[in-house]
Amino acid sequence: QVQLVESGGGLVQTGDSLRLSCAASGRTFSRYAVGWFRQASGKEREFVAGISWNGGNTDYADFVKGRFTITRDNAKNTVYLQMNTLKPEDTAVYYCAADPGMGRPRIREYEYHYWGQGTQVTVSS
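Predicted, not measured: the structure shown is a model, and the values here were computed from it.

Caption draft 1: View of the nonpolar core. In terms of nonpolar packing, the biggest core is built from 33 residues, with Phe 29, Trp 36, Leu 81, Met 83 and Tyr 94 touching the most fellow members. Contributions of two or more residues to this core are made by strand E3 (18-24), strand E4 (32-39), strand E5 (46-51), strand E7 (68-73), strand E8 (78-83), strand E9 (92-100) and strand E11 (119-124). Counting residues per element, this core draws most heavily on E9, at 5 residues.

Caption draft 2: Broad picture of unusual backbone geometry. Backbone geometry places Asn 77, a non-glycine residue, at a positive phi of 55°. For Asn 77, a relative accessible area of 17% translates into the label buried. Non-glycine residue Thr 85 carries a positive phi angle of around 50°. Relative to the helices and strands, Thr 85 resides in the loop between E8 and E9.

Conventions we followed
- Residues numbered from 1 in each chain as written.
- Predicted model: local features only at pLDDT ≥ 70, side-chain atom pairs only at ≥ 80, totals over all residues.
- Heavy atoms only, no water.
- Core = buried A, V, L, I, M, F, W, Y, C linked by side-chain atoms within 4.5 Å.
- Buried < 20%, exposed > 50% of the residue type's maximum accessible area, 1.4 Å probe, protein only.
- Helix = DSSP H or I, 4+ residues; strand = E, 2+ residues; numbered from the N terminus.

This is the structure we're talking about:
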């Protein structure tokens, strides 16, 4: 079993950058695919970015391509989401999720077994 803890959220201005971290417990985290999702107030949770177990493959939602980058450091049991050129519409609670196994990055909520509690990102205009 894996426990996930997100950090790095906060209040920033339009155009600023943030780096979110997803720290995981468990010795086998390196064998998990990880994804970032977000949920804005009053909206459904949506996929943001995903990374395969070894970092070899990544996938992004169209609305973050070119601005966000997902990476992982398996030695530190941590996955990162570097967010650049932030916009007010990026305001949301950001969640990381993990799913055991190799293969492509998962992009659907139901493909993930473990979820963190989320970290708030607020981008002011």
